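Architecture at a glance
One-letter residues, chain by chain:
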Amino acid sequence: MHALRHTLSRAVRPRSKDEIMPHLERAIFGLGMVNPLTAIPQLYQIWGMHAVGGLSLVTVGAALAMSVLWTAYGALTRQTALWATSAVWIGMNGATVAGVIVHS
C-alpha cells in the first residue's frame, strides 16, 4: 500500500519548469517538424492541379516572411526547435508563394 501511495503522490505532485521543459521541447520539435506536412495537400493543388483560386499572394507572402523571421530569431537565440521547424516552413511557404506566382 505504501508503494502505491508513493507512486500516486509522485504522479500528482506539481512539476518544476526544469522537469517539464525537456519533454515540452521534444514535443515541440517533433510536432513542429511534422506540422509543415499539413501543407502538402495545398501544394498538390497548386503544383499538381494548377489551382490557386482563393490564395492571396499577400497572405502567403506574409507567411513566408514570418517563417524567415522566426528562423532568424530562433537561430540567433539558439532555440533549435524554433529555427529548425521555421526553416521547414520556409520551404513550404516558399513553394506556395512560387506556385501562386507561376499559376496566377
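It should be emphasised that the depicted structure is a prediction, and the values quoted were computed from it without experimental measurement.

In this section: the overall build of the chain. For the chain, the count of helices and strands is 5 helices and 0 strands. For the chain, restricting intrachain contacts to residue pairs at least 6 apart in sequence, the fraction spanning at least 24 positions comes to 71%. Here the chain has roughly 7400 Å² of accessible surface; of this, 71% comes from carbon and sulfur atoms.

A word on the nonpolar core. With 5 residues, the main nonpolar core is built from Ile-46, Val-52, Val-60, Val-97 and Val-100. Beyond its immediate chain neighbours, meaning those up to four positions away, Val-60 contacts Thr-96, Val-97 and Val-100.

In this structure, His-50 takes a positive phi of about 55 degrees despite not being glycine. Residue position: His-50 is located in the loop between α3 (40-48) and α4 (57-76). Look at His-50 and you get partly exposed, because its relative accessible area is 48%. One non-glycine residue, Arg-78, lies in the positive phi region at around 60 degrees. Tracing the backbone shows Arg-78 in the loop between α4 and α5 (80-103).

Here we take up α4. Compared with the 28 Å implied by 1.5 Å per residue over 20 residues, the 28 Å span of α4 between its first and last C-alpha is a close match. Those residues of α4 that sit buried are Val-60, Ser-67, Thr-71 and Gly-74. Projected down its long axis, α4 shows its buried positions confined to an angular sector of 75 degrees, all on one face. Opposite the buried face of α4, by more than 90 degrees, sit the exposed residues Val-58, Leu-69 and Leu-76. If you follow the buried residues of α4, they end up packed against α5. With a side-chain oxygen lying 3.2 Å from the backbone nitrogen of Val-58, the N-terminal cap of α4 falls on Ser-56.

This part takes up a nonpolar patch on the surface. Side chains of Met-66, Leu-69, Trp-70 and Tyr-73 sit close together on the surface and give an oily, nonpolar patch of about 430 Å² of accessible area. By secondary structure assignment, the location of Met-66 is in helix α4. A relative accessible area of 40% places Met-66 in the partly exposed class.

Reading the values: the criteria
- Residues numbered from 1 in each chain as written.
- Predicted model: local features only at pLDDT ≥ 70, side-chain atom pairs only at ≥ 80, totals over all residues.
- Heavy atoms only, no water.
- Helix = DSSP H or I, 4+ residues; strand = E, 2+ residues; numbered from the N terminus.
- Contact = heavy atoms within 4.5 Å.
- Areas by Shrake-Rupley, 256 points an atom, 1.4 Å probe, with all protein chains shown as cover.
- Core = buried A, V, L, I, M, F, W, Y, C linked by side-chain atoms within 4.5 Å.
- Buried < 20%, exposed > 50% of the residue type's maximum accessible area, 1.4 Å probe, protein only.
- Expected span 1.5 Å × (residues − 1).
- Arc of directions from axis to C-beta.
- Polar contact = N/O pair within 3.5 Å; in protein donor to acceptor, adjacent residues only side chain to side chain.
- Patch = residues over 30% accessible without salt bridge, like charges linked within 9 Å, V, L, I, M, F, W, Y side chains within 5 Å.
- Salt bridge = Lys/Arg side-chain N within 4 Å of Asp/Glu carboxyl O.

Take it as geometry only, folks, not as evidence of what the structure does.
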